[in-house]
Amino acid sequence: SNTTRLERWTMAVKRMVTLGALVAPIGVMVPGIWLLGGLTGDYGDDDDENANGDVGAKSGAMDDGKRGTEGIKSSSQKLSLLQRYHRSLTNRTWSYALWAVEQAGPTYIKLVQWASTRNDLFSPEFVGHFSKLQDETRGHSWKDTEVALEKAFGKDWRGILSFDRVIKDEYEGV
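## Remarks on the overall build of the protein chain
For the protein chain, the count of helices and strands is 8 helices and 0 strands. For the protein chain, the N- to C-terminal ordering of α and β elements is α-α-α-α-α-α-α-α. Residues classed as buried in the protein chain amount to 26% of the 174 residues present. The contacts of the protein chain with a sequence gap of at least 6 include a subset with a gap of at least 24, amounting to 59%. Working note: accessible area of the protein chain is about 12,900 Å², and carbon and sulfur atoms make up 59% of it.

The structure is reproduced here in structure tokens:
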């Protein structure tokens, strides 16, 4: 390797900081989702929402045809706004988590790809969101790979590593 021990140590610290920065927002969003879910009683199911979007209003359950229901409807509309915010925050958190895994690199992508096939170990929600990594993950060009290999092993990386058979098998589907 063309790198010194100090350079490798510096790269490792930089990688840990980067991974910490990717995870930090989730540490804020998840408790927010939990708190909003507790406030609204919304845990992702739509059973308590009628066609008008009024939370807690089963068809006709709150409206007995009398004029005294305006206060109840108003409070259910506010609750509905909180629930919409809760669901929006939940969806954005899943989207961010998916993006963060992609940014973390191929090792994390592969780990989450495996995890998203294990619906016996992980929740259906987890599997549903992260199964997108099976077919929809962003790749990079071979040129990017060559640049990384040259940086890691020097200009003569082809003399050190032999990928010809692996690459041929991978791209030809052998």
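Don't stop here, the text continues.
## Details of the pattern of salt bridges
Pairing between side chains of opposite charge can happen when the charged atoms of each approach one another. One pass over the full model with this rule turns up 2 salt bridges. Among the ionic pairs, arginine 118 bridges to aspartate 120, the shortest N-O distance being 2.6 Å. Accessibility expressed as a relative area gives 27% for arginine 118, which makes it partly exposed. Note on aspartate 120: relative accessible area 53%, which makes it exposed. Glutamate 150 serves as the salt-bridge partner of lysine 155, at 3.0 Å between the closest nitrogen and oxygen.

## Examining the packing of aromatic side chains
Overall, the coordinates contain 6 aromatic pairs when judged by the stated rule. Where tryptophan 114 meets phenylalanine 122, the ring centres are 6.4 Å apart and the plane angle is 90 degrees; that geometry is what we call edge-to-face. Accessibility expressed as a relative area gives 42% for tryptophan 114, which makes it partly exposed. Ring geometry for phenylalanine 122 and phenylalanine 126: centres 4.7 Å apart, planes at 25 degrees, overall stacked. Judged by relative accessible area, which is 30%, phenylalanine 122 ranks as partly exposed. Feature note: the residues Trp94, Trp114, Phe122, Phe126 and Phe130 constitute an aromatic cluster, connected by ring pairs.

## A closer look at the nonpolar core
A general feature of soluble globular proteins is that nonpolar side chains tend to end up buried together. Judged by nonpolar contacts, Trp94, Ala97, Leu98, Val101, Ile109, Val112, Ala115, Phe126, Val127, Phe130 and Leu133 together constitute the single largest core of 11 residues. Contributing elements (two or more residues each) for this core: helix H2 (70-104), helix H3 (106-115) and helix H4 (124-130). For this core, the element with the most residues is H2, which contributes 4 residues. Not counting chain neighbours up to four residues away, the residues in contact with leucine 133 comprise Leu98, Val101, Glu102, Ile109, Val112 and Gln113. If you look at the next biggest cluster of nonpolar residues, it comprises 9 residues, including Leu36, Leu89, Tyr96 and Ala104.

How each quantity is defined
- Residues numbered from 1 in each chain as written.
- Predicted model: local features only at pLDDT ≥ 70, side-chain atom pairs only at ≥ 80, totals over all residues.
- Heavy atoms only, no water.
- Helix = DSSP H or I, 4+ residues; strand = E, 2+ residues; numbered from the N terminus.
- Buried < 20%, exposed > 50% of the residue type's maximum accessible area, 1.4 Å probe, protein only.
- Contact = heavy atoms within 4.5 Å.
- Areas by Shrake-Rupley, 256 points an atom, 1.4 Å probe, with all protein chains shown as cover.
- Salt bridge = Lys/Arg side-chain N within 4 Å of Asp/Glu carboxyl O.
- Phe/Tyr/Trp six-rings, centres within 6.5 Å; stacked < 30°, edge-to-face > 60°.
- Core = buried A, V, L, I, M, F, W, Y, C linked by side-chain atoms within 4.5 Å.

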